[in-house]
Amino acid sequence: MSTAETRTRTTPGLVPVPETSRATERRPPEPPAGAVPPRRSSSAFWRLLGSELGLTFRRPRNLVMLGVLAGVPVVMGVALRLVAADAELGGIVTSVAGNSLMLTFASLSFLVVLLMPVAVAMVAGDAIAGEAGTGTLRYLLAAPAGRTRLLAVKYLNAVVFSFAVTAVVALSALVTGLIMFPVGPVTLLSGTTVPVAEGLLRILISVGYVGAGMAALAAVALALSTFTEVSIGAVAGTMVIVIVSQVLRAIPQFDGLADYLLPARWTGFDGALRSPIDTGAMAEGLLTFGAYIVLSGSVAWARFSGKDITS
Amino acid sequence: MTREAGAPFGAAPPSAGAAIVTRGLTKRFRGGQVAVDSLDLDVPRGSVYGFLGPNGSGKTTTIRMLLGLVAPTAGEHTLLGLPLAGALPRVGALVEGPAFYPYLSGEANLRRFDAADPTASGATVRRRVGEALDRVGLGAAAGKRYRNYSLGMRQRLAIAAALLGPRELLVLDEPTNGLDPQGTREVRALVKEIAADGTTVFVSSHLLAEVEQMCTHAAIMSTGRLVAQGTIASLSGGQVSRVRIETPDPAGAARVLAALGLADVRATDAEVTAELGGHAPERVNAALVGEGVAVRGLSVVRPSLEDVFVGLTGEGFDVDG
Ligand SMILES: Nc1ncnc2c1ncn2[C@@H]1O[C@H](COP(=O)(O)OP(=O)(O)O)[C@@H](O)[C@H]1O
Ligand SMILES: [Mg+2]
């Protein structure tokens, strides 16, 4: 029995009623359906970014990660001091133990390889996938956060976190270094000696450079984050990219590729330790970071702006 | 077939006055499954509109399309006669259950979603969040982490999130799902209260009784298609009421009913039923007693939406939990 037959036979009076007296009684007709869309407050973007930053910097997981990153330079400082006390070792140990500022550069070059990328990937990879996984994404978009606006806020948040990660490492290393090792003119990689104030400036330049490098990684992680509802997948995917890049970088046959790999560029902050500062290499590094950001950002936007949110 | 049913209004463009209008709204998911099939909905302002259908009939998918979460494969829709971005701040929504940040308090969660609304003011958020929490009875649990909320509290928090601003339309997807009877009663009462303020409520449900109790209008879905929509009265009006008489003398009763002109008289051992038509039940009773037929009980069986659904689809309504 077809439904159409049934309907005409058993429910002759069944006509869709778009507007009924009952409905209109309950609510008198409104002034033309509020034809003017609500005013967008100009501070709305910053309010959402503030909310995002609040979540990121209050989330226990992220705080633990920042704590670990702050702890590593302290451990490194203590260890180097103990080692330096009973041996005449050369190279990095003497240079770090010999000057309070050198621990900062040593910590950055050690942590930039793996631990800092992990921290950044954890936040940026979680950005969209995490919200999708918990279902909060549908409520943010229904609010309506706006897809492009949400993506921009998520990325800016990840950029702030990238610089925070770098700054935490540098600050912890700087304080530890100042406590444990002698303060005085800094001997650079190129053998030149510069005063403490200039050493601090060079630390600042390094932090800016490494922060930008981490922000480039954040863009990659954010792009991956738009493809999944499992945030650990986006984080792991980002780390796979980092590790594969490290491996490729180590293989001599792929020498030409190294210039385009993020990990190879991250360590380029040591350009700030040369005299004069190796601005050419650092500018190239920043350009590479910019290229990653533009490319990954486009992928993220293309994917996210048209995605069906079914979580 | 659905388009035929919608023919009288199918050609009309979305009107500015209605709360929700959809025309030919269709979603085909990757894999080819059609979740929603040329849906033509007209939800009048001020109505409590029940969006009724068994599990898997396309209710949630429709709501996701209405809110811009899922792109329709075909068709169009408007909310409140506005472009979507302009309409959404005036729409409160609950889609497929609550979803919040487990490590935040109820209050912090509401602040978070309020921050995502570009038209909401940070200056008034404290007051609005407090009012929304009080409205759903969560004032005392405002500072508690969401992780520690019970299922009923989570559902109420989701409704509070939908009430953060002045709303013209609430879209609630199965708001009583998973609640105990007490929680269900509370949510239904809340919906009635909100509707009494003039807010249009579009509420999906797979429970017929719920829609009959709460709603002024309903649309009935079956496997992605709209099988009927209208006021509850007009929907049930297509089915007839029957009078049912318990009596030790069914043959006598049947005679009297037939003599009164009632149609489709059916007698069993201890009861007789017939279509009531335009007859008043008390007159039927008087006639029976007047003819010396003993009446042990008399009731009027009104048609339910379930009868409507079964009548329209030829299928039973798959009712669970
Ligand atoms: N993301 C998806 N991909 C493929 N099919 C889906 C998806 N979401 C829902 N469906 C299918 O669409 C149909 C309608 O689902 P849904 O809208 O959730 O129904 P309801 O809310 O009425 O229970 C179901 O058959 C379901 O399996
Ligand atoms: Mg559903």
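Residues numbered from 1 in each chain as written. Chains lettered and ligands numbered in written order. Predicted model: local features only at pLDDT ≥ 70, side-chain atom pairs only at ≥ 80, totals over all residues. Heavy atoms only, no water.

Engineer: Break down the overall build of chain B for me, citing the residues and quoting the values.
Structural biologist: Scanning chain B from terminus to terminus reveals 13 helices and 14 strands. Across its three principal directions, the C-alpha atoms of chain B cover 75 × 45 × 35 Å. Every one of the 321 residues in chain B was classed for burial, and the buried ones make up 58%. Put simply, of all contacts in chain B between residues at least 6 apart along the chain, 66% involve residues at least 24 apart. Accessible surface, chain B as shown: approximately 12,400 Å² in total, 51% of it carbon and sulfur. In chain B, 32 positive and 33 negative side-chain charges are present, and the distance between their average locations comes to 8 Å. (Helix = DSSP H or I, 4+ residues; strand = E, 2+ residues; numbered from the N terminus. Buried < 20%, exposed > 50% of the residue type's maximum accessible area, 1.4 Å probe, protein only. Contact = heavy atoms within 4.5 Å. Areas by Shrake-Rupley, 256 points an atom, 1.4 Å probe, with all protein chains shown as cover. Lys, Arg positive; Asp, Glu negative; His and termini not counted. Charge placed at Lys NZ, Arg CZ, Asp CG, Glu CD.)

Engineer: Describe the site of ligand 1, and please don't skip the residues or the numbers.
Structural biologist: Every residue lining ligand 1 is accounted for by A:T310, B:F29, B:Q33, B:A35, B:P54, B:N55, B:G56, B:S57, B:G58, B:K59, B:T60 and B:T61. One finds residues of chains A and B in close proximity to ligand 1. A distance of 2.8 Å separates an oxygen atom of ligand 1 from a polar atom in the side chain of B:Q33. Against a free-state accessible area of 560 Å², the protein chains account for coverage of 68% of ligand 1. (Near = heavy atom within 4 Å. Polar contact = N/O pair within 3.5 Å; in protein donor to acceptor, adjacent residues only side chain to side chain.)

Engineer: Break down the domain arrangement of chain B for me, citing the residues and quoting the values.
Structural biologist: Examined at the domain level, chain B breaks down into domain 1 (20-236) and domain 2 (240-302). On a C-alpha basis, the centroid separation for the pair domain 1 of chain B and domain 2 of chain B is 44 Å. (Domains from an automatic or database assignment.)

Engineer: Residues and numbers for the sheet that holds strand β4 (residues 48-52) of chain B, please.
Structural biologist: Residues and elements named next belong to chain B. Here we have six strands laid out as an open sheet, ordered β6-β7-β8-β4-β9-β10, and mixed in their pairing. Only two strands of the sheet have a single neighbouring strand rather than two, namely β6 (91-94) and β10 (225-231). If you compare each strand with its neighbour and ignore which way they point, the axes differ by 10° on average. In this structure, strand β9 (residues 217-222) lies alongside β10, joined through six bridges in antiparallel fashion. In the strand pairing of β10, A219 is matched with Q229. Strands in contact with helix α3 (residues 59-66) are β4, β7 (169-173), β8 (200-205) and β9; relative to β8, the strand with the most contacts, it is inclined by about 145°. Sitting on the sheet, helix α13 (residues 305-313) is in contact with β4, β9 and β10, with an inclination near 40° to β9. (Pairing = 2+ DSSP bridges. Axes fitted to C-alpha atoms, helices over the stretch in contact; angles between N-to-C directions.)

Engineer: Which residues make up the nonpolar core, and what are the values?
Structural biologist: In this structure, A:M116, B:L67, B:L110, B:L169, B:V201, B:F202 and B:L305 are the most contacted members of the largest nonpolar core, which totals 166 residues. Per element, the largest residue contribution to this core is 15 residues, and it comes from helix α11 (residues 196-225) of chain A. The next biggest cluster of nonpolar side chains, apart from the first, holds 13 residues, and it includes B:L257, B:L262, B:V272 and B:V284. (Core = buried A, V, L, I, M, F, W, Y, C linked by side-chain atoms within 4.5 Å.)

Engineer: Give a detailed account of the confidence of the model for chain A, specifying residues and quantitative values.
Structural biologist: Residues of chain A with pLDDT of at least 70 account for 84%, and the chain-wide mean is 86. Within the model, the stretch residues 1-38 of chain A combines pLDDT values under 50 with 73 contacts to residues more than four positions away or in other chains. (pLDDT = per-residue confidence, 0-100.)

Engineer: So what's going on with the sheet that holds strand β12 (residues 263-267) of chain B? Which residues, and what values?
Structural biologist: Residues and elements named next belong to chain B. Read from one edge of the open sheet, four strands run β12-β13-β11-β14, paired in antiparallel fashion. Edge positions in the sheet fall to β12 and β14 (297-301), since each has one partner strand and no second. Sheet twist, expressed as the average angle between the axes of neighbouring strands with direction ignored, equals 15°. Here three bridges tie β12 to strand β13 (residues 271-275), and the two strands are oriented antiparallel to one another. Each bridged residue has a counterpart across the sheet, and for A263 the counterpart in β13 is E275. In the packing of helix α11 (residues 250-260) onto the sheet, contacts are made with β11 (242-246), β12 and β13, and the angle to β13 comes to roughly 15°.

Engineer: Which residues make up the pattern of salt bridges, and what values go with them?
Structural biologist: Considering all chains together, one arrives at 28 salt bridges over all chains under this definition. Here A:R202 makes a salt bridge to A:E198, at a shortest N to O gap of 2.9 Å. Here A:R202 pairs with A:E198, and both are found in helix α11, just four residues apart, close to one helical turn. Note on A:R202: relative accessible area 5%, which makes it buried. The exposure class of A:E198 is partly exposed, given its relative accessible area of 29%. As a salt-bridge pair, B:D264 and B:R242 come within 2.9 Å of each other at their nearest N and O atoms. On the criterion of sequence distance, the pair formed by B:D264 in strand β12 and B:R242 in strand β11 is long-range, its members being 22 residues apart. In this structure B:D264 comes out as partly exposed when scored by relative accessible area, which is 33%. Its relative accessible area of 16% is what places B:R242 among the buried residues. It is possible to trace a salt-bridge network through shared partners that takes in A:E52, A:E131, A:K154 and B:R112. (Salt bridge = Lys/Arg side-chain N within 4 Å of Asp/Glu carboxyl O.)

Engineer: How would you summarise the pairing of strand β1 (residues 20-28) of chain B if you had to cite specific residues and measurements?
Structural biologist: Residue and element names in this part refer to chain B. For β1, the buried fraction is high: eight of the nine residues fall into the buried class. When β1 meets strand β3 (residues 42-43), the two strands line up antiparallel, connected through two bridges. Bridge pairing in β3 links V21 to D42. Pairing of β1 with strand β2 (residues 34-39) involves three bridges; the strand directions are antiparallel. Opposite K27, over in β2, you have V36 as the bridge partner. Hairpin connection from β1 to β2: five residues lie between these consecutive antiparallel strands, with G31 at a positive phi of about 105°.

Engineer: Describe helix α3 (residues 44-58) of chain A, with residues and values.
Structural biologist: Between the first and last C-alpha of α3(A) there are 21 Å, a value that for 15 residues agrees with the 21 Å anticipated at 1.5 Å per step. Along α3(A), the positions that sit buried rather than exposed are A:A44, A:R47, A:L48, A:L49, A:S51, A:E52, A:G54, A:L55 and A:T56. Against α4 (60-85), α7 (115-124), α8 (126-134) and α10 (147-180) of chain A together with α5 (106-115) and α6 (125-135) of chain B lie the buried residues of α3(A). (Expected span 1.5 Å × (residues − 1).)

Engineer: I'd like a rundown of the packing of aromatic side chains, residues and numbers included.
Structural biologist: Inspection of every chain in the model, using the stated rule, returns 11 aromatic pairs over all chains. Taken together through their ring pairs, the aromatic side chains of A:Y139, B:F100, B:Y101, B:Y103, B:F113, B:Y146 and B:Y149 make up a single cluster. Residue placement shows A:R147 over the ring face of A:F304; its charged tip is 6.0 Å from the ring centre. When the ring centre of B:Y146 is taken as origin, the NZ or CZ atom of B:R154, which lies over that ring, is 4.7 Å away. (Phe/Tyr/Trp six-rings, centres within 6.5 Å; stacked < 30°, edge-to-face > 60°. Lys NZ or Arg CZ within 6 Å of the ring centre and 35° of its normal.)

Engineer: I'd like a description of the UniProt feature "transmembrane region" (unreviewed entry) in chain A, backed by residues and values.
Structural biologist: Residue and element names in this part refer to chain A. Residues given the UniProt feature "transmembrane region" (unreviewed entry) here are residues 63-84, 104-129, 155-181, 201-224, 231-251 and 285-304. Helix and strand shares over residues 104-129 are 85% and 0% respectively, and the end C-alpha atoms of the span are 34 Å apart. Between the end C-alpha atoms of residues 231-251 there is a gap of 31 Å, over a span that is 95% helix and 0% strand. (UniProt positions renumbered as here; feature names shortened; annotations may be inferred.)

Engineer: Before we move on, could you go through the pairing of β9(B) and cite the residues and values that matter?
Structural biologist: Residues and elements named next belong to chain B. The element β9 is largely enclosed, with a buried count of six among its six residues. Residues of β9 alternate between two faces, with H217, A219 and M221 on one and A218, I220 and S222 on the opposite face, all of them buried. Pairing of β4 with β9, which is carried by four bridges, proceeds in the parallel orientation. What sits directly across from G50, in β9, is A218. Count of turn residues in the β9/β10 antiparallel hairpin: two residues, of which T223 carries a positive phi of about 40°.

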